[in-house]
Amino acid sequence: MNTARWLSILNAIGCLVLAGFILIQWRGGQSLSRELHQSRSREILETNARLEAEKLAKGLQADLDGLKASIDSIQQAAAVAEEEMVAKVEEARGLAGLVTEAQARIKTWEEAVTARDEAIVARDAKLKELNEALVATRARLDEAVAALKKAGAR
């Protein structure tokens, strides 16, 4: 019975060792399971972050494209405005030349009007003199006619 007892004890010790080994394996499996779960959670978070970053990148790219289009349209508008400004400057220069020419003509006309006015004043003075001379001559003629009537009546 001795051997059977030893075998029973050895069997019990083997069962305890096997149970310990199973417990160690089970704890190792639990640890691996937690690590796997954490790893999958990190993977999901990273995937979500990547998708969010891609979505943000697409939005930023769309904004960038919009800004590029806006800059292009602003540059085109600036070029058109610059061309219009150059045309307006040329037109203003032309108008300035016309104004200068008109001022010169106005000065010439003012001089002509002044000369005409002086001529009119001189003519009026001459007419006044002639009128006074005519009135004086008429008065002498009237005196001469009166003297002739007196002389003819005598």
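Residues numbered from 1 in each chain as written. Predicted model: local features only at pLDDT ≥ 70, side-chain atom pairs only at ≥ 80, totals over all residues. Heavy atoms only, no water.

Asks: Explain the overall build of the protein here, please?
Replies: Helix and strand counts for the protein stand at one helix and zero strands. On the principal axes, the C-alpha backbone points of the protein span a range of 220 × 25 × 15 Å. Each of the 154 residues in the protein was classed as buried or not, and the buried ones make up 0%. Just so you have it, the protein exposes about 13,900 Å², and 64% of that area is on carbon and sulfur atoms. For the protein, the centre of its 22 positive side-chain charges and the centre of its 23 negative side-chain charges are spaced 5 Å apart. (Helix = DSSP H or I, 4+ residues; strand = E, 2+ residues; numbered from the N terminus. Buried < 20%, exposed > 50% of the residue type's maximum accessible area, 1.4 Å probe, protein only. Areas by Shrake-Rupley, 256 points an atom, 1.4 Å probe, with all protein chains shown as cover. Lys, Arg positive; Asp, Glu negative; His and termini not counted. Charge placed at Lys NZ, Arg CZ, Asp CG, Glu CD.)

Asks: Got a minute to help me understand the pattern of salt bridges in this structure?
Replies: Oppositely charged side chains can pair when the atoms bearing their charge come close. Inspection of the entire model under this criterion finds six salt bridges. A salt bridge links E54 to R50; its shortest N-O distance comes to 3.1 Å. Of the two residues, E54 and R50 are both situated in helix α1 (residues 2–153); the distance of four residues between them amounts to about one turn of the helix. Residue E54 is classed as partly exposed on the basis of its relative accessible area, which comes to 38%. Put simply, E101 and R105 hold a salt bridge, and the shortest N to O gap is 2.9 Å. A residue pair is termed a helical-turn pair when its members lie 3 or 4 positions apart in one helix, as E101 and R105 do in helix α1 at four residues. (Salt bridge = Lys/Arg side-chain N within 4 Å of Asp/Glu carboxyl O.)

Asks: So what exactly am I meant to see when it comes to the environment of R50 here?
Replies: According to the relative accessible area criterion, R50 is partly exposed, its value standing at 44%. Sequence separation between R50 and A136 is 86 residues, and the spatial gap between their C-alpha atoms is 123 Å.

Asks: Sorry if this is basic, but what is going on with the environment of S31 here?
Replies: On the secondary structure map, S31 appears in helix α1. Look at S31 and you get partly exposed, because its relative accessible area is 29%. Once the C-alpha coordinates of S31 and L10 are considered, the two residues, 21 residues apart in sequence, prove to be 31 Å apart.

Asks: Before we go on, may I ask you to explain a nonpolar patch on the surface in this structure?
Replies: On the surface, a cluster of nonpolar side chains totalling about 430 Å² of accessible area is made up of W6, I9, I13 and V17. By the secondary structure assignment, I13 is in helix α1. A relative accessible area of 45% means that I13 is categorised as partly exposed. (Patch = residues over 30% accessible without salt bridge, like charges linked within 9 Å, V, L, I, M, F, W, Y side chains within 5 Å.)

Asks: What am I meant to see in the environment of W6 here?
Replies: Within the secondary structure, W6 sits in helix α1. The exposure class assigned to W6 is exposed, which follows from its relative accessible area of 58%. The sequence separation of W6 and G20 amounts to 14 residues, and the corresponding C-alpha distance is 20 Å.

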